[in-house]
Amino acid sequence: QKEVEQDPGPLSVPEGAIVSLNCTYSNSAFQYFMWYRQYSRKGPELLMYTYSSGNKEDGRFTAQVDKSSKYISLFIRDSQPSDSATYLCAMSAQGAQKLVFGQGTRLTINP
Amino acid sequence: EAGVTQSPTHLIKTRGQQATLRCSPISGHTSVYWYQQALGLGLQFLLWYDEGEERNRGNFPPRFSGRQFPNYSSELNVNALELEDSALYLCASSRWGALDTGELFFGEGSRLTVL
C-alpha cells in the first residue's frame, strides 16, 4: 500500500465550477500537509500548507485536513482556465527527512 | 532572484551508460532534494543533501548517487542506466527545516531518456 494515494484523474470541469481534489494517507505520523501545483513542463510550486487538522483558505483555494479519516482535500472555487495543471498533495511527519507526494491529479478547466 | 536551475534540460542515453544531472539551488538555501517523476508514478524521493552531507535517501538502488558541493550546488549520478530510469528528475532547494512547511522550490527538471 502506498503511503499517499491520489486519484490521477484526469479531471475536466467547466470554467466557474467548484473543484474538489483529494488524497488519502496511511501514515498516522503525518502532521504537515501541502498542495503543490505543477504546470506542464514546469516544476511543482507550493500552493497551500496546513499543519495538523482543520481548514485553511487562500483566495479561491481552501485546504482541508481530516486526520481522523486520514484524508485531505483541496477545493478550488470559481475555477479558471489558468487553474489547469497537475495538483500534487504532499505530507511529512515531525522531524521528517522527506516529503511524500501523491501521484498528482491532472485538472483541466474548460472555458 | 534566480530560481533553482537544472542542467541539462534533456538527456538521451543508452542502457548501461551513466548520466550526470546538475542542480544550482536558490541563493541562501543549503538543502537540495532530488526527486524522480516517472509517468504515472508521481514524485519519488531520491536524495536529500544539506551542508554537503547526505541526510536521507529514498528506496532507490545504489547506482543512484550524488553529492553536494561547497557552494551548495549538487549533482545526481545514475550509473548502469536501465530503461525504467527514463523520467523527469526534479531538483528542489530550501532552507533547513523546510520539510515541515513544504517550502521547497523546484527547478524545471532534467528529462532523461534511456534507449
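Calculation criteria
Residues numbered from 1 in each chain as written. Chains lettered and ligands numbered in written order. Predicted model: local features only at pLDDT ≥ 70, side-chain atom pairs only at ≥ 80, totals over all residues. Heavy atoms only, no water. Contact = heavy atoms within 4.5 Å. Buried area = accessible area lost by both parts, 1.4 Å probe. Salt bridge = Lys/Arg side-chain N within 4 Å of Asp/Glu carboxyl O. Helix = DSSP H or I, 4+ residues; strand = E, 2+ residues; numbered from the N terminus. Nonpolar A, V, L, I, M, F, W, Y, C, P; charged D, E, K, R; others polar. Pairing = 2+ DSSP bridges. Axes fitted to C-alpha atoms, helices over the stretch in contact; angles between N-to-C directions. Disulfide = S-S within 2.5 Å. Buried < 20%, exposed > 50% of the residue type's maximum accessible area, 1.4 Å probe, protein only.

### A closer look at the interface of chain A and chain B
- Residue-level contacts link 21 residues of chain A with 21 residues of chain B.
- Summed over both sides, the interface between chain A and chain B buries roughly 1,700 Å², with carbon and sulfur atoms accounting for 51% of that surface.
- Where chain A packs against chain B, one counts one salt bridge.
- K42 of chain A is paired through a salt bridge with E108 of chain B; the nearest N and O atoms lie 2.9 Å apart.
- Among the elements of the structure, β4 (30–38), β5 (45–51) and β9 (85–93) of chain A are those that each provide at least two residues to the side of chain A that touches chain B.
- Considering every element that reaches the side of chain A that touches chain B, the biggest residue donor is β4 of chain A, with four residues.
- Of the residues belonging to the side of chain A that touches chain B, the class tally is eleven nonpolar, seven polar and three charged.

### Some words on the sheet that holds strand β1 (residues 5–7) of chain B
Residue and element names in this part refer to chain B.
- A sheet is described by the order of its strands in space; here four strands give the open sequence β1-β3-β8-β7, paired in antiparallel fashion. One side of each edge strand has no neighbouring strand; the edge strands of this open sheet are β1 and β7 (64–68). Looking at each pair of strands side by side, their axes are set apart by 15° on average, direction ignored.

### A word on the state of the cysteines
Residues and elements named next belong to chain B.
- For the coordinates displayed, the defined rule picks out two disulfides over all chains.
- Two residues, C23 and C91, share a disulfide whose sulfurs are 1.8 Å apart. What sets the handedness of the C23 and C91 disulfide is the S-S torsion sign, and at about -60° it is left-handed. Here C23 is found in strand β3 (residues 19–24), whereas its partner C91 is found in strand β9 (residues 87–94), with 68 residues between them in sequence. The pair C23 / C91 is uniform in exposure class, with both members buried.

### Description of the pairing of strand β5 (residues 42–50) of chain B
All names here are of chain B.
- Along β5, eight of the nine residues are buried, which leaves the element largely enclosed by surrounding structure.
- Judged from the eight bridges that link them, strand β4 (residues 31–38) and β5 form a sheet pairing that is antiparallel. Its bridge partner being in β5, W34 is matched across the sheet by L47.
- If you look at the hairpin formed by β4 and β5, you'll find three residues sitting between the two strands, and G40 has a positive phi there, around 80°.
- Two elements, β5 and strand β6 (residues 53–57), share four bridges in a ladder whose sense is antiparallel. Bridge assignment links D50 to a residue of β6, and that residue is E53.

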